[in-house]
Amino acid sequence: MNMAVCADKIREKLNTEFVGRNIIVYDKTDSTNTRAKEMRDEAEGTVFIAESQSCGKGSKGREWVSESGTGIWMSILLKPQIDIVCVPQITLVAGMALKRVLGDKAQIKWPNDVVLGTKKVCGILTEMSVMNGKTEAVVCGIGVNVNQRSFPAEILHRATSLFLENKHEYDRNLIVAEIVNEFESLYKIFVREGLSPLLSEYKSSCVTLNREINVIYDNKTITGTAVNIDLGGALVVQTQDGLAHINSGEVSVRGIYEYV
Ligand code: BTN
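What comes next is a walk through the structure. (Residues numbered from 1 in each chain as written. Predicted model: local features only at pLDDT ≥ 70, side-chain atom pairs only at ≥ 80, totals over all residues. Heavy atoms only, no water.)

**Details of the environment of Asn132**
Examined against the element boundaries, Asn132 turns out to sit in the loop between strand E6 (119-131) and strand E7 (134-144). Here the alpha-carbon distance between Asn132 and Asn2, two residues 130 residues apart in the chain, equals 45 Å. (Helix = DSSP H or I, 4+ residues; strand = E, 2+ residues; numbered from the N terminus.)

This is the structure we're talking about:
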């Protein structure tokens, strides 16, 4: 039996200091990222979560399919005292939290997808609101496909869910709590010390590394081998013309032969 998303059920499994201490649940909303940006005066760490989204936002302006009662559609409101250029790295931090929660088989497709095998199970969309050149608030939106039995034909070849992979239903409240717990512990390190102490774990989970890839960047397609992730979270690509450092947030990465 698929239980509804419930703030109390999530909260009882939390071991955090501030992330998830305030949880706002919607039965239906347009996008939890939009709600969180509008309500950016709420405390840092507030989690916005919806049973369904009518205008779920994916990266690069795409729609994020957010069927009712099946997945996790959540956004975490953050107020980090970090340089604006570092904000997209929060996507990498969230990806690591998801990888930890989803286990050994999960891998991170740089910068914002978590995959099981060759299909995407989770997407992350980090947005920010800026005032006078300073980061006012950051919203880290996380979508996880949990109990879906099927997907629309257009995304069937590249989307999967935990149910489809493992043939049993999951308690979404428990998964949300695990994500929040892992996210806070990684985020605290990130805000204090940057990506450096997290990079080796990130790289060991990153399916993009050592692959031939196409990067669509600045309206150009760069082809090469992904050889590293640098301290700024950029993907380092060996191209015919030398090394290119590609920043997250502005790119689309495609494996040459398959989705991953
Ligand atoms: C991607 O395209 O990979 C990013 C998907 C992000 C989806 C999540 S669902 C919760 C939050 N609210 C949104 O509208 N989008 C993000």
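There's more to say after this.
**Examining the pattern of salt bridges**
Per the counting criterion, the structure on display carries 16 salt bridges. Here Glu17 and Lys188 are joined by a salt bridge, their closest N and O atoms 2.8 Å apart. Here the residue Glu17 occupies a position in the loop between helix H1 (7-11) and strand E1 (23-29), and Lys188 occupies one in helix H5 (residues 172-193), the gap between them amounting to 171 residues. A single salt-bridge network, built from bridges that share partners, covers Glu17, Glu184 and Lys188. (Salt bridge = Lys/Arg side-chain N within 4 Å of Asp/Glu carboxyl O.)

**Re the state of the cysteines**
Disulfide: a covalent bond formed between the sulfur atoms of two cysteine residues. With the rule as written, the count across this model stands at zero disulfides. Between Cys86, a cysteine without a disulfide, and Cys140, which holds the nearest cysteine sulfur, the sulfur-to-sulfur distance is 15 Å. Left unpaired, Cys122 is separated from the closest cysteine sulfur, that of Cys140, by 9.0 Å. The class of Cys122 is buried, set by a relative accessible area of 0%. (Disulfide = S-S within 2.5 Å. Buried < 20%, exposed > 50% of the residue type's maximum accessible area, 1.4 Å probe, protein only.)

**Focus: the site of the ligand**
Taken together, 21 residues surround the ligand, and among them Ser31, Gln53, Lys57, Ser59 and Lys120 come closest. Taking Ser59, its main chain carries an N or O atom lying 2.7 Å from an oxygen atom of the ligand. Asn112 places a polar side-chain atom, nitrogen or oxygen, 3.4 Å from an oxygen atom of the ligand. Here the ligand loses 98% of its free accessible area of 420 Å² to cover by the protein chains. (Near = heavy atom within 4 Å. Polar contact = N/O pair within 3.5 Å; in protein donor to acceptor, adjacent residues only side chain to side chain. Areas by Shrake-Rupley, 256 points an atom, 1.4 Å probe, with all protein chains shown as cover.)

**Section: the sheet that holds strand E3 (residues 72-78)**
Strands sit in the order E1-E2-E3-E7-E6-E5-E4 across an open sheet of seven strands; the sheet is mixed. The two strands at the open ends of the sheet, each matched to only one other strand, are E1 and strand E4 (106-109). Looking at each pair of strands side by side, their axes are set apart by 20 degrees on average, direction ignored. By the bridge criterion, ten bridges tie E6 to E7 in an arrangement that is antiparallel. Paired with Ile124 across the two strands is Ile142, which belongs to E7. Along the sheet, helix H3 (residues 89-102) contacts E3, E4, strand E5 (113-116), E6 and E7; its crossing angle with E6, the most-contacted strand, is approximately 150 degrees. (Pairing = 2+ DSSP bridges. Axes fitted to C-alpha atoms, helices over the stretch in contact; angles between N-to-C directions. Contact = heavy atoms within 4.5 Å.)

**Description of the nonpolar core**
In this structure, Met74, Ile142, Phe183 and Leu235 are the most contacted members of the largest nonpolar core, which totals 63 residues. For Phe183, the contacting residues outside a window of four places in its chain are Val19, Ile76, Leu78, Ile90, Val93, Ala94 and Ala97. Membership of the second largest hydrophobic core comes to eight residues, among which are Ile24, Phe48, Ala50 and Ala137. (Core = buried A, V, L, I, M, F, W, Y, C linked by side-chain atoms within 4.5 Å.)

**Some words on the packing of aromatic side chains**
Taken as a whole and judged by the stated rule, the model has two aromatic pairs. Here the aromatic rings of Phe183 and Tyr187 are separated by 5.4 Å at their centres, their planes lie at 20 degrees, and the arrangement is stacked. Linking Phe183 with Tyr187, this pair stays in helix H5, spanning four residues, or about one helical turn. Judged by its relative accessible area of 0%, Phe183 falls in the buried class. You can call Tyr187 buried: its relative accessible area is 3%. Feature note: the residues Phe18, Phe183 and Tyr187 constitute an aromatic cluster, connected by ring pairs. For Arg149, the ring lying beneath its charged end belongs to Phe163, and the centroid distance is 3.9 Å. (Phe/Tyr/Trp six-rings, centres within 6.5 Å; stacked < 30°, edge-to-face > 60°. Lys NZ or Arg CZ within 6 Å of the ring centre and 35° of its normal.)

Just geometry here; none of it tells us what the structure is for.
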